[in-house]
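Here are the chains, one letter per residue:
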Amino acid sequence: MSILEIIKPDDWHVHFREGDFIKSLVPETSKLYNRVIVMPNLSNPITSIAQIKKYKNEILNNSVNKNFEPLMTFYLTESLDVNELIKAFKNNLVFAVKLYPSGATTNSAKGVKNFKNIFPVLEKMSEKNIPLLIHGEVNDKKIDIFDREKIFIENELIPIIEKFPFLKITLEHITTKFAVDFVEKSNSNIKASITPHHLILNRTDLLEHKIKPHYYCLPILKKEQDRKSLVAAATSGSQNFFLGTDSAPHHINDKENECGCAGVFNTINSIQMITQIFDNENRLNNLESFLSKNGPNHYSLPENKDKIILKKLSKPLKFNKYLENNNYKIRIFNPPFPIYWDIKEELI
Ligand code: NCD
Ligand code: ZN
């Protein structure tokens, strides 16, 4: 199979940042995707309608795709104004709410410390059918960083699901076999997104010989058996899993630093590398489900009408190493294997 036509994909988890970054990130993303869920972890987290309106406008002003739709999120704090959330949801300004355990990742200091304190908001969200997007890691010094996803599921997620069985939940960027198995046996309101880099890398890739700061992301890369389990889940055709790139750029100086930031910038070659992964697994027949069908199904949205054509090349693709201008320089993620698939053209 060397030509594939699939429904144009969506990215259910992306970081657009602010200022100069936005001006390059939105064009690159809107070329490839029709809908994206935009993360709210700005330096001043998004918790109000006024912020959403301003941010969404800025994003739309930089789009290069007439069918591009940024789906905006509120950042869940223990003091989030429920009335503001309901009003924003009713007016189609907010699509979902993002839960960061406080301190778990970039710009998450204002996230949740005591999960019981957000139960009243979750109750309203369940009632109004507002999706909850979860960064599923505990932030606890006593818990080893490689165990934080599992412990979050056991100690925080299970009680939330038991209390709110009808709440639509996305366990985002899952990284472990434990999470895959958990989602497989959960009720149908719980689904998971998976990133390209967690499908490609394990913790040995990050740490062996020389440390690779551009492979450092949160949740941190796990063991090979976890990666394999993610690949099996993503390529299986199961409706429980869909793409969320978690493309999370940082300026190169903030990555190559004695306290380097977590986040991988993978937008530019995301669809091409995922296609290659599915090809390597002999699962190209399930690519469209993972990229373009399972996400809309989970969020009760129609599938995109546009299509894209993917073409297998005889020589590996070459990507630029950096996305840069006078004000910033961002390392573009490149997988440690050749990619032969490229996007040929768009059918509208
Ligand atoms: C993200 C970021 O930099 O905003 N970093 C990351 O490693 N994934 C935050 C997040 O999604 O955890
Ligand atoms: Zn993220």
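Note: the structure precedes this text.
Worth saying up front: this structure is predicted, and the values here are computed from it rather than measured.

Q: Lay out the overall build of the chain with the relevant residues and their values.
A: Regarding its fold elements, the chain presents twelve helices and 13 strands. Computed over its C-alpha atoms, the radius of gyration of the chain comes to 19 Å, within 12% of the 20 Å expected for a compact globule of 348 residues. Viewed in the frame of its principal axes, the chain has a C-alpha envelope of about 55 × 45 × 45 Å. Here the chain, with 348 residues, has 58% of them falling under the buried criterion. Within the chain, contacts between residues at least 6 apart in sequence are counted, and of these 74% link residues at least 24 apart. Taking the average place of the 46 positive charges on the side chains of the chain and the average place of its 41 negative ones, the gap between the two points comes to 1 Å.

Q: Give me the lowdown on the packing of helix α1 (residues 19–32) against helix α2 (residues 49–61), citing residues and values where you can.
A: It is the contact of α1 with α2, at a shortest axis distance of 8 Å, that shows an interaxial angle of 50°. One element, α1, and the other, α2, form an angle in the oblique class. The residues of α2 that touch α1, namely those facing G19, I22 and V26, are Y55, E58 and I59. Within the contact of α1 with α2, the residues separate by chemical class into four nonpolar, one polar and one charged.

Q: Would you mind going over the packing of aromatic side chains in detail, with residue names and values included?
A: Under the defined criterion, the tally for this structure stands at nine aromatic pairs. Among the aromatic residues, those joined into a ring-pair cluster are W12, F95, F242 and Y299. One cation-aromatic arrangement involves K150 over F178; the distance from NZ or CZ to the ring centre is 5.2 Å. Lying across the ring of Y322, R331 places its NZ or CZ 5.8 Å from the centre.

Q: Help me get a handle on the sheet that holds strand β8 (residues 190–194), residues and values and all.
A: Spatially, the eight strands line up as an open sheet ordered β2-β3-β4-β5-β6-β7-β8-β9, and their pairing is parallel. Two strands bound the open sheet, and with one partner strand each, they are β2 (11–14) and β9 (241–243). The sheet shows a mean angle of 30° between the axes of neighbouring strands, direction not considered. In this sheet, β9 lies alongside β8 in parallel orientation, the contact comprising three bridges. Note on β9: the bridge partner recorded for I194 is L243. On top of the sheet, helix α5 (residues 148–163) reaches β6 (132–134), β7 (169–171) and β8; it is set at about 170° to β7, its chief contact.

Q: For the site of ligand 1, give the residues involved together with the corresponding values.
A: Contacts to ligand 1 come from 15 residues, most closely from R17, T105, T106, L218 and D246. At a separation of 2.7 Å, an oxygen atom of ligand 1 approaches a polar side-chain atom of T105. Contact distances for ligand 1 include 3.2 Å between an oxygen atom and a backbone N or O atom of G263. Considering ligand 1 on its own, with 310 Å² of exposed area, one finds that the protein chains cover 100% of that surface. Here the shell around ligand 1 is composed, by residue class, of four nonpolar, nine polar and two charged.

Q: Break down the pattern of salt bridges for me, citing the residues and quoting the values.
A: Per the counting criterion, the structure on display carries ten salt bridges. As a salt-bridge pair, E172 and K98 come within 2.6 Å of each other at their nearest N and O atoms. Taken together, the residues E172 in the loop between β7 and α6 (177–185) and K98 in strand β5 (residues 96–99) connect sequence positions 74 residues apart. With relative accessibility at 0%, the residue K98 sits in the buried group. K124 is the salt-bridge partner of E127, the closest N and O atoms lying 3.7 Å from each other. You can see E127 and its partner K124 sitting in helix α4 (residues 119–128), three residues apart, about one turn around the helix.

Q: Please set out helix α12 (residues 287–298) residue by residue, giving values where relevant.
A: In a regular helix each residue adds 1.5 Å, so twelve residues correspond to 16 Å; α12 covers 16 Å between its end C-alpha atoms and thus fits that length. Within α12, ten of the twelve residues are buried, leaving the element largely enclosed by the surrounding structure. Of the residues making up α12, those classed as buried are L287, E288, S289, F290, L291, S292, N294, G295, P296 and H298. Just downstream of α12, S300 is the residue with a positive phi angle, here 55°.

Q: Go over the coordination of the zinc ion (ligand 2) with me, naming the residues and quoting the values.
A: Protein coordination at the zinc ion (ligand 2) comes from H13 (NE2), H15 (NE2) and D246 (OD), with a distance range of 2.0 Å. Coordination at the zinc ion (ligand 2) comes from four donor atoms whose angles at the metal span 91 to 137°, giving a geometry best classed as irregular. Linear spacing of the donor residues for the zinc ion (ligand 2) on their chain is H-x1-H-x230-D. Judged by relative accessible area, H13 falls into the buried class, the value being 1%.

Cut-offs used in this document
- Residues numbered from 1 in each chain as written.
- Chains lettered and ligands numbered in written order.
- Predicted model: local features only at pLDDT ≥ 70, side-chain atom pairs only at ≥ 80, totals over all residues.
- Heavy atoms only, no water.
- Helix = DSSP H or I, 4+ residues; strand = E, 2+ residues; numbered from the N terminus.
- Rg over C-alpha atoms; globule rule 2.2 N^0.38 Å.
- Buried < 20%, exposed > 50% of the residue type's maximum accessible area, 1.4 Å probe, protein only.
- Contact = heavy atoms within 4.5 Å.
- Lys, Arg positive; Asp, Glu negative; His and termini not counted.
- Charge placed at Lys NZ, Arg CZ, Asp CG, Glu CD.
- Axes fitted to C-alpha atoms, helices over the stretch in contact; angles between N-to-C directions.
- Parallel < 35°, antiparallel > 145°, perpendicular 65-115°, else oblique.
- Nonpolar A, V, L, I, M, F, W, Y, C, P; charged D, E, K, R; others polar.
- Phe/Tyr/Trp six-rings, centres within 6.5 Å; stacked < 30°, edge-to-face > 60°.
- Lys NZ or Arg CZ within 6 Å of the ring centre and 35° of its normal.
- Pairing = 2+ DSSP bridges.
- Near = heavy atom within 4 Å.
- Polar contact = N/O pair within 3.5 Å; in protein donor to acceptor, adjacent residues only side chain to side chain.
- Areas by Shrake-Rupley, 256 points an atom, 1.4 Å probe, with all protein chains shown as cover.
- Salt bridge = Lys/Arg side-chain N within 4 Å of Asp/Glu carboxyl O.
- Expected span 1.5 Å × (residues − 1).
- Donors = N, O, S within 2.8 Å, 3.2 Å for Na, K, Ca; no water.
- Tetrahedral: all angles 85-135°; square planar, octahedral: opposite > 155°, others 65-115°.

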